[in-house]
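What the coordinates show
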Amino acid sequence: MVNSAPSEEETRTRARTRRAILEAAVQVLGENSAAPLSQVARVAGVARSTLQRYFPERADLTSALGEYADELITEAMQRARTTEGTGLEAFLRLVPEYFALQKVIMLAFGQEEDLTEGSEEECGEADLALTALIERGHADGSIDPAISASWMQQFLWAGLYSGWSYVNTGEVSAYEALNLCVLSLEKVAANPAANGGRG
């Protein structure tokens, strides 16, 4: 007997279940990376056997979190409307979108050195879009041309990591840390010549 291909509804259901498991993994493992997968299944609202059908081993789930982080980063780029307005305006819309992805980014990519590592060969869609955004800012005069696209990307991830770490100290709220992060990154990126000499 030949198995028929899954229907469109079945495909959508599987995609929703997979995403629910990944969202639960971010919530649970973001709080405790050693938490049992049964807890992830419980938060996702699925049976442990269902979770294992999607992710047979813990390593499979961990690997999928990297892909999920990439998906969320791409969605964040879209929400930030990075092709609209000046390069600096788009960049400053992107920072809060990325800031909100702390748990999944830290789970997927780890510590600060992992966030800022990478080469051109490893660049994904979001990295290329960010490079294009910064280069557009150079062209329209809103982003300091002395700040290269690669350095601005490094500084963005370092700034986000610093903001997240500052919240963890308990000294400031996430809202305050985000404002400081945006302000600091704006001061680095903004072209002084386009702001009456203000840097």
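Here the structure is a predicted model, which means the values were calculated and not measured. (Residues numbered from 1 in each chain as written. Predicted model: local features only at pLDDT ≥ 70, side-chain atom pairs only at ≥ 80, totals over all residues. Heavy atoms only, no water.)

Describing the overall build of the protein
- Looking only at helices and strands, the protein has 10 helices and 0 strands in total.
- Helices and strands in the protein line up, N terminus first, as α-α-α-α-α-α-α-α-α-α.
- Taking as baseline every contact in the protein between residues at least 6 positions apart, the subset at least 24 positions apart corresponds to 68%.
- Here the protein displays about 11200 Å² of accessible surface, and carbon together with sulfur accounts for 51% of that area. (Helix = DSSP H or I, 4+ residues; strand = E, 2+ residues; numbered from the N terminus. Contact = heavy atoms within 4.5 Å. Areas by Shrake-Rupley, 256 points an atom, 1.4 Å probe, with all protein chains shown as cover.)

Topic: the packing of helix H4 (residues 58-79) against helix H6 (residues 102-109)
- At a minimum axis distance of 8 Å, the contact between H4 and H6 shows a crossing angle of 140 degrees. With respect to each other, H4 and H6 are oriented oblique. As H4 packs across H6, the resulting crossing turns out to be left-handed. Every residue of H6 that contacts H4 at Leu-65, Gly-66, Tyr-68, Ala-69, Asp-70, Leu-72 and Ile-73 is listed here: Val-104, Ile-105, Leu-107, Ala-108 and Phe-109.
- Within the contact of H4 with H6, the residues separate by chemical class into 10 nonpolar, 1 polar and 1 charged. (Axes fitted to C-alpha atoms, helices over the stretch in contact; angles between N-to-C directions. Parallel < 35°, antiparallel > 145°, perpendicular 65-115°, else oblique. Left-handed = near helix turned anticlockwise from the far one by under 90°. Nonpolar A, V, L, I, M, F, W, Y, C, P; charged D, E, K, R; others polar.)

Details of the UniProt feature "DNA-binding region" (unreviewed entry) in the protein
- The UniProt feature table records "DNA-binding region" (unreviewed entry) at residues 36-55.
- Across residues 36-55, helical content stands at 75% and strand content at 0%; the span's end C-alpha atoms are separated by 13 Å. (UniProt positions renumbered as here; feature names shortened; annotations may be inferred.)

With respect to the nonpolar core
- Among the nonpolar cores identified, the biggest contains 55 residues, and Val-40, Phe-91, Val-95, Tyr-98 and Leu-160 are the most heavily contacted of them.
- Counting residues per element, the ones that place at least two in this core are helix H1 (8-31), helix H2 (37-44), H4, helix H5 (87-99), H6, helix H8 (125-140), helix H9 (149-168) and helix H10 (174-189).
- It is H4 that provides the largest number of residues to this core, a total of 9 residues.
- Not counting the four nearest positions on each side in its chain, Phe-91 is found in contact with Leu-130, Leu-133, Met-152, Leu-156, Leu-185 and Ala-189. (Core = buried A, V, L, I, M, F, W, Y, C linked by side-chain atoms within 4.5 Å. Buried < 20%, exposed > 50% of the residue type's maximum accessible area, 1.4 Å probe, protein only.)

Focus on the environment of Trp-157
- Mapped onto the elements, Trp-157 comes out in helix H9.
- A relative accessible area of 10% means that Trp-157 is categorised as buried.
- Spatially, the C-alpha atoms of Trp-157 and Phe-99 are 9.6 Å apart, while their sequence positions differ by 58 residues.

Details of the packing of aromatic side chains
- Inspection of every chain in the model, using the stated rule, returns 3 aromatic pairs.
- Both rings, one in Tyr-98 and one in Trp-157, keep their centres 5.2 Å apart while their planes meet at 15 degrees; by these two values the pair is stacked. Taken together, the positions of Tyr-98 in helix H5 and Trp-157 in helix H9 put the pair 59 residues apart, joining distant regions of the chain.
- Take Tyr-98: its relative accessible area is 2%, and that puts it in the buried class. (Phe/Tyr/Trp six-rings, centres within 6.5 Å; stacked < 30°, edge-to-face > 60°.)

As for the side chain of Asn-191
- Examined against the element boundaries, Asn-191 turns out to sit in the segment after H10.
- Beyond its immediate chain neighbours, meaning those up to four positions away, Asn-191 contacts Gly-141, Ser-142, Ile-143, Asp-144 and Pro-145.

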